[in-house]
Each structure stands twice: as structure tokens, then as C-alpha cells.
Amino acid sequence: MKKIAAILVVVVMAASMVISCTGGTGGLIGMAMPETHVMRWVKDGNSLVEEAKKLGYRAEVQFGDADQAIQNTQIQSFLTLGAKALIVGCINDGVASVIEEAGRGGVIVIAYDRLIQNSGDYDYYITFNNFKVGQLQGQSIVDGLDLNSATAAAPKYITLFAGSPTDGNAFFFFDGAMDVLNPFIDSGALRVVGPYPRTSADRANFQRIATENWQAPIAKTRMENLLNADARAVTLDAVLAPNDTLARAIIDALKADAKYRNNLPVVTGQDAEFASALSIKNGEQYSTVFKDTAKLAEAAVLLADQAIRGQPINIPGAVLAADIGLASIGDTGRKVVHAYLLDPILVTRDNLNVPIDAEFYQHHEAVQLR
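Quick caveat: nothing in here was measured; it's all calculated off a predicted structure.

Moving on to the layout of surface pockets. Summary: where empty space remains is shown by rolling a probe the size of a single water molecule over the atoms. Considering only enclosed or pocket space, the largest pocket measures out at about 350 Å³ in volume. In terms of residues, the lining of the largest pocket owes the most to one element, helix α11 (residues 293–309), which gives 5 residues. Of the residues in the lining of the largest pocket, the class split is 11 nonpolar, 1 polar and 5 charged. The volume enclosed by the second largest pocket comes to roughly 230 Å³.

Structure below.
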């Protein structure tokens, strides 16, 4: 009896070790996020892990330090560990080689908030309606400057910034914003200072306003150069900034110029980062776009779970891009993947409570914002 009891103890211990290693019965989901210098990716990574564990999966997140070679190595590690699914916020299309490897192995791949371009080896993309993100940024400029009352005789002045040219979302953000702003530029009520790509299809000029790897120092230096050159003879009324990290860097450059120290232009943003929410509360940054990334993480993991189980895909709160005429959002250049879109929300000082009420911030941060 003692011998049998001892064997049972060993079996139980072995079983508990397996559960401990896997974190559940569902297997491994690997999350590859692009970097940590934009805080939203840290939050997203943590949320993805939490959501996967809720569904019984073992979950691990790695951050690529904005280096595609590093991220590729991390993804290969997930494959070696036998991952059933990968949720990938890529850095650039250099990720395609390991996505091909994953596809050959039958691993589910979900492009997370960034389309994996130049790849035909995966089927799913989940993000927010990024064209609408840009439209909201453009509309906040219209509202902030009261452009509907502006005239060619007394125009408003704007300069344009775009995100990383290696991030497909940057093109949708910009095109959405220009969809709103171009009619005012055409009428003369709004004048562009510096390079003016009418759409991202003007690749030469888009490259001139793009910000490699979303690096804040690059945006700050470009703003400083604009203030000393093209914008020297005018007073800027607005800056189209594609995300909060760049918006704050642009504002830093503006505040160092005596012309703007007490009269900042309307500056847009995106991601509802705490530092930018505080800036909005203090009357500096004008707006941000809130994308509830906790909901995006929940939706991404649900998508992975349904795909792993071979179930029909049904993501509450998301629409299939093709169903609303935006199938091109899922065009990788090699195939059109199924793109699922969540809705973004424009946030200004008037509705700063929206991300607070969604518990997007830590408690001590929310207290500072109220």
C-alpha cells in the first residue's frame, strides 16, 4: 500500500508540473509585441497574457525592441515551444519569413493592430478602424480651429506628421485625416506648411513627413527644423500628429519656441496615453483617440481560441472590414486576410472621462485626471 501511495504521489506531482508548465489545457499562445518605448504595447502585451490565461492557455509575451531580427528570433522560439497560435504586433514586413514558417507548421497567426505586409501565410488581422482613427484626428482639427468658419482670406495654418512608413496603419491614419482636411485645403481655408502629400499614395512626400519607428526624438527634431525654416514666417494653428508619443515630442519643441509658449496650436494624437491625457487636461495637447486595447486584446485571444478550435469566427463588438467596404485594410500585397475592426473614440478635454471610466488607467493616474 505504501508503494502504491508513493507511486500515486509521484503521478500527481508529475501532473501538477505539466499543468504548471502549460498554464492550462489549451496549449501555448505566443504574443510578439514590437517595442516598449510606446507604453501601449506594454499594456497590450500584459492584457493579451491575462486574456489567454482566462481561457486556459499558457501565454507568453516578448517585446522586439523595434528590431525585426530580434522579434523573428522570439517568434521562432514560440514555434520551437509548440505554440498553437501567434498574436503578432509586427515591426515591419521582415517578419514574413517566420510567418511563412508558422504557416507551414499549421500555426494560427493573427496580425495584431498592424497588418503583416507582403505575406500570404496567415488569415487573420484584428485592429481598430484605423481609417476612422484618422478621420477623428482630422475632425478634431476642424472642430478645434472652427474650420467651417475659416476663409481663404484669413486661413489657418497646419503642418503634417505621419507615423512609421514600415507600419501599414500609418497610411490609414493619414488618409483618414486627409479625407477630412483636404476639402478645407482645397478651399484655401487651411494652408499646409511644409510637405503636403494629399494622400499616402504620394510616397515621396509621405516619406518626408513620416517618422521612422514612431521615434519621438525624430519627430521633435523635425518640428524644431520646421520652426526654424518653413514655419518661421507664420504661426501654426494646428499640427496633425499621428500618436501621443509623437504629439508630446512635437509639443516639447513648440514650447521651446517663444511664439508658442503660451499659445500652442491644436495638436492631435492617438492611444490615450496617460501623459497625453494629463496634457489634454492641462490644455496643451488638444485631442487623442482612445482605442480600448483591453477590448482589442480580449477580442484577439477570442479570435485565436475560435480559430484553434475550428469554430466560426464571431467577435462581439467587431465588424468584418469587408462588410463595411474596407476590405483593403486586410490587403497584405499577397492576399486579403479577414480583418476584424473595433471602433475608436475621439477624446478631448470635454470627454476625458471616457478612458477613465473604462479603467484604462491605474487608480493613481485616474485620480490625477479627474
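Alright, that's what it looks like, and here's the rest.
Our focus in this paragraph is the pairing of strand β5 (residues 124–128). When you tally the buried positions in β5, you get 5 out of 5 residues, the bulk of the element. The two faces of β5 match: Y124, I126 and F128 on one face and Y125 and T127 on the other face are all buried. Across 3 bridges, strand β4 (residues 108–112) lies against β5 in parallel orientation. Paired with I110 across the bridge in β5 is Y124.

Looking now at the nonpolar core. Core analysis: the largest hydrophobic core is formed by 50 residues, its most contacted members being I141, L147 and M223. Elements with a minimum of two residues in this core: α5 (130–145), β6 (156–160), α6 (168–187), α7 (203–209), α8 (216–228), β8 (238–240), α9 (244–255) and β9 (266–267). A total of 10 residues in this core trace back to one element, the largest contributor, which is α6. Setting aside residues up to four positions removed in sequence, L147 forms contacts with I141, V142, K156, L181, F184, A189 and L190.

What follows concerns the packing of aromatic side chains. Aromatic rings in a pair are described by how distant their centres are and how their planes are angled relative to each other. Tallied over the entire structure, the rule returns 7 aromatic pairs. Here the aromatic rings of F174 and F206 are separated by 5.6 Å at their centres, their planes lie at 75 degrees, and the arrangement is edge-to-face. Here F174, found in helix α6, pairs with F206, found in helix α7; they are 32 residues apart in sequence, far enough to count as distant. Taken individually, F174 and F206 each receive the classification buried, so the pair is uniform in this respect. Ring geometry for F360 and Y361: centres 5.3 Å apart, planes at 75 degrees, overall edge-to-face. Each member of the pair, F360 as well as Y361, carries the same accessibility label: buried. Following the ring pairs from residue to residue traces out a cluster consisting of F274, F290, F360 and Y361. Taking the ring centre of F360 as reference, the NZ or CZ of K43 above it sits at 4.3 Å. In this structure, R222 is placed above the aromatic ring of F161, and the distance from its NZ or CZ to the ring centre is 4.3 Å.

How each quantity is defined
Residues numbered from 1 in each chain as written. Predicted model: local features only at pLDDT ≥ 70, side-chain atom pairs only at ≥ 80, totals over all residues. Heavy atoms only, no water. 1 Å grid on protein atoms, 1.4 Å probe; cavity = no way out; pocket = protein on both sides within 12 Å on 5 of 7 lines; lining within 4 Å. Points joined across faces, edges and corners; volume = space filled by probe spheres on them. Helix = DSSP H or I, 4+ residues; strand = E, 2+ residues; numbered from the N terminus. Nonpolar A, V, L, I, M, F, W, Y, C, P; charged D, E, K, R; others polar. Buried < 20%, exposed > 50% of the residue type's maximum accessible area, 1.4 Å probe, protein only. Pairing = 2+ DSSP bridges. Core = buried A, V, L, I, M, F, W, Y, C linked by side-chain atoms within 4.5 Å. Contact = heavy atoms within 4.5 Å. Phe/Tyr/Trp six-rings, centres within 6.5 Å; stacked < 30°, edge-to-face > 60°. Lys NZ or Arg CZ within 6 Å of the ring centre and 35° of its normal.

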